[in-house]
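Analysis of the macromolecular model
Below, each chain spelled out in residue letters.
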Amino acid sequence: MAKQEDIFKNVVSHAKEYGYIFPSSEIYDGLSAVYDYAQNGVELKKNIREYWWKSMVQMHENIVGIDASIFMHPTTWKASGHVDAFNDPLIDNKDSKKRYRADVLIEDYCEKLWQKAQKEIEKARGRFGESFDEEQFIATNGRVVEYLSKKKEILERMAHGLETGDLADVKLLIEELGIADPETGSKNWTDVRQFNLMFGTKLGASADTAMDLYLRPETAQGIFVNFLNVQKTGRMKIPFGIAQTGKAFRNEIVARQFIFRMREFEQMEMQFFVKPGEEMKYYEYWKETRLKWHLSLGLGKENYRFHDHEKLAHYANAASDIEFNFPFGFKELEGIHSRTDFDLKAHEQFSGKKLQFFDNETNSSYVPYVVETSVGLDRMFLSVFSKALQEETLEDGSTRTVLKLPAVLAPTKAAVLPLVKKDGLPDVAREIIEDLKWDFNVAYDEKDAVGRRYRRQDALGTPFCITVDHQTLEDKTVTIRHRDTMQQDRVAISELRNIINDEVSMRNWLMKM
């Protein structure tokens, strides 16, 4: 655990030191759970967003995008269920005065049971080698069966308590399991209570006539209320999808783990409208498709897993999370949900307007079912950044800090370095910059010895360093250094664009799906 904590601390400090993420309003001592994306962070975030948008919208003929307003009519949130049901179960420790989400405390306990089962499985794999039958071992080994069945039993009991509102039993479960305050070890808990997460605000010139509004807690509802507008103007036929990226706001009382859980965050969501009865087919399709998208970034298949929900939201008939192995363990990265026809029917009821699709083939109308994919852009940023940050020991015994970002997402694709600041080398380096900047984000770096500049660009995550030396003046060639392997090749200046493009092209990366 200490090692994981150290890794996480390194992630947070590196993000600040190298211009990726700053604490918000830091000169005023900051604002809890609010962060600013710095000069490199905003580029990485933009590239992640574009990578998602290209794969989701540009590569699908039947998916289009919108950008709905953050402010929506307040009845929207009554119809969606957020006014009455958008709550977190909170519990306080009486000794430490710390506040926690009760469901997260229980889920973290269950995660430890899962880890114990995995240890038994890995030990058996080492004993039996290639002849190891994992499925049979999981089904027959006493310890593994006990760990996994206990995990399932706990999660089912928690889900039942939250669904029925039996918060007393949720507290009793925490006490029976002996769950302690993670920071102090105290087990002196208050009762569990629900807390609504929406931020309220007002719209109007005077306090007397102002309308009560909410900052949207999710982007999905902007898609649902525009369903018919998009369908008609785009002449869309079922099945089709509507995608959106944008800010959402939640008054997280327990906001920890850096940008993993913030009060102001960004979502990348797509709502896929299907014929009733076909939702499970598309639910499975999007589970598979979205996992392939994540795997295309090369962060390691072992760092992803599916977690099927025991407790379903009021609108869903199936739900699964793609979880990622963050420095603090496996946590939700993306949700895939079969939302049934709840949203459109609810908005029909509250607005009095029909939100249906007319099927010319059957000459009838129906309310479509919806399959949702929803990934947090900030969590996506953290998954990429935390796995990319590595400390390497080199052959000569020295170490380097390298940010092995997927080249397609890296903020700066190449740094151009004149070997010395004289003899016309900076002029040639500037000419290369002027040519490449039309296609890529590139940087110029002339300070310090070239070896130190390499290390600086490694830590920034720049995939290529291009060194201009005296030979360049003779034959118009440069040295191009690859971040991950540190291999150096001599190439013609005229080849640089193609070499870089081969490594950073979204086309090449997405084709891995």
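Worth saying up front: this structure is predicted, and the values here are computed from it rather than measured.

**A look at the sheet that holds strand β5 (residues 99-101)**
The strand order across the open sheet built from 3 strands is β5-β4-β6, with neighbouring strands paired in antiparallel fashion. Looking at the sheet topology across the chains shown, the edges are occupied by β5 and β6 (193-196). Strand after strand, the sheet turns through a mean of 45° between neighbouring axes, direction not considered. Alignment of strand β4 (residues 87-92) against β6, held across 4 bridges, turns out to be antiparallel. The partner of N87 across the bridge, within β6, is N196.

**Focus on helix α17 (residues 496-504)**
The set of residues buried in α17 consists of L496, I500 and V504. End-on, the buried residues of α17 take up no more than an arc of 40°, which puts them together on one face.

**Focus on the side chain of S296**
Within the secondary structure, S296 is located in the loop between α11 (279-295) and β11 (304-308). The exposure class of S296 is buried, given its relative accessible area of 4%. A distance of 2.8 Å separates a polar atom in the side chain of S296 from a polar atom in the side chain of Y51.

**Section: the side chain of H82**
Along the chain, H82 falls in helix α4 (residues 82-85). Polar side-chain contacts of H82 include one of 2.6 Å to the side chain of S80. Discounting residues that sit within four places of it in the chain, H82 has contacts with W77, N196, M198, P217, E218 and Q221.

**Some thoughts on a positive patch on the surface**
The grouping of K112, K116, K119 and K150 at the surface amounts to a positive patch. Of the residues forming the positive patch, the biggest block, 3 residues, is contributed by helix α5 (residues 102-128). By the element assignment, K112 lies in helix α5.

**Digging into the sheet that holds strand β10 (residues 264-274)**
With respect to topology, 7 strands assemble into an open sheet ordered β3-β9-β10-β16-β13-β12-β11, the strand pairing being mixed. Sheet topology places β3 (63-65) and β11 at the edges, where each strand pairs with a single neighbour. For this sheet the average axis-to-axis angle between neighbouring strands, irrespective of direction, equals 25°. In this structure, strand β12 (residues 318-326) lies alongside strand β13 (residues 329-340), joined through 9 bridges in antiparallel fashion. Bridging across to β13, F326 finds its partner in G329. Helix-sheet contacts for helix α13 (residues 377-388) involve β10, β12, β13 and β16 (369-376), and the interaxial angle to β12 is about 35°.

**Remarks on the pairing of β16**
Buried residues dominate β16, accounting for 8 of its 8 residues. Along β16, one buried face is formed by Y369, V371, T373 and V375 and the opposite face, lined by V370, E372, S374 and G376, is buried too. Where β10 meets β16, 8 bridges bridge the pair, whose relative direction is antiparallel. Bridge pairing in β16 links F272 to V371.

**Notes on the packing of helix α2 (residues 39-58) against α11**
Relative to each other, α2 and α11 sit at 140°, their axes nearing to 12 Å. Every pair of crossing elements has a handedness; the one defined by α2 and α11 is right-handed. Within the contact between the two elements, α2 uses Y51, W52, S55 and M56 and α11 uses W286, R290 and W293. Counted by class, the contact of α2 with α11 contains 5 nonpolar, 1 polar and 1 charged residues.

**Describing the packing of α2 against α13**
At a closest axis distance of 10 Å, the pairing of α2 and α13 adopts a crossing angle of 110°. Taken together, α2 and α13 sit at an angle that is classed as roughly perpendicular. Here G41, L44, K45, I48 and R49 of α2 lie close against α13, whose contacting residues are L377, D378, M380, F381 and F385. Class assignment for the residues of the contact of α2 with α13 results in 6 nonpolar, 1 polar and 3 charged.

**Considerations on the packing of aromatic side chains**
Scanning the entire structure with this criterion turns up 25 aromatic pairs. Ring centres 5.9 Å apart and planes at 80° place the aromatic pair Y100 and W189 in the edge-to-face group. Of this pair, Y100 sits in strand β5 while W189 sits in the loop between α8 (167-176) and β6, and the two are 89 residues apart along the sequence. Residue class for W189 comes out buried when judged on its relative accessible area of 3%. With a centroid separation of 6.3 Å and 5° between ring planes, the pair formed by F128 and F132 is classed as stacked.

**Focus on the pattern of salt bridges**
Under the defined criterion, the tally for this structure stands at 44 salt bridges. Across the pair D308 and K287 runs a salt bridge whose closest N-O atoms are separated by 3.6 Å. You can see D308 sitting in strand β11 and its partner K287 sitting in helix α11, a full 21 residues away along the chain. By relative accessible area, which is 11% here, K287 ends up buried. Residue R490 is joined to D469 by a salt bridge in which the shortest nitrogen-to-oxygen separation is 2.7 Å. Here the residue R490 occupies a position in strand β23 (residues 488-492), and D469 occupies one in the loop between β21 (464-468) and α16 (470-475), the gap between them amounting to 21 residues. Judged by relative accessible area, which is 14%, D469 ranks as buried.

Cut-offs and rules
Residues numbered from 1 in each chain as written. Predicted model: local features only at pLDDT ≥ 70, side-chain atom pairs only at ≥ 80, totals over all residues. Heavy atoms only, no water. Pairing = 2+ DSSP bridges. Helix = DSSP H or I, 4+ residues; strand = E, 2+ residues; numbered from the N terminus. Axes fitted to C-alpha atoms, helices over the stretch in contact; angles between N-to-C directions. Buried < 20%, exposed > 50% of the residue type's maximum accessible area, 1.4 Å probe, protein only. Arc of directions from axis to C-beta. Polar contact = N/O pair within 3.5 Å; in protein donor to acceptor, adjacent residues only side chain to side chain. Contact = heavy atoms within 4.5 Å. Patch = residues over 30% accessible without salt bridge, like charges linked within 9 Å, V, L, I, M, F, W, Y side chains within 5 Å. Areas by Shrake-Rupley, 256 points an atom, 1.4 Å probe, with all protein chains shown as cover. Salt bridge = Lys/Arg side-chain N within 4 Å of Asp/Glu carboxyl O. Lys, Arg positive; Asp, Glu negative; His and termini not counted. Charge placed at Lys NZ, Arg CZ, Asp CG, Glu CD. Left-handed = near helix turned anticlockwise from the far one by under 90°. Nonpolar A, V, L, I, M, F, W, Y, C, P; charged D, E, K, R; others polar. Parallel < 35°, antiparallel > 145°, perpendicular 65-115°, else oblique. Phe/Tyr/Trp six-rings, centres within 6.5 Å; stacked < 30°, edge-to-face > 60°.

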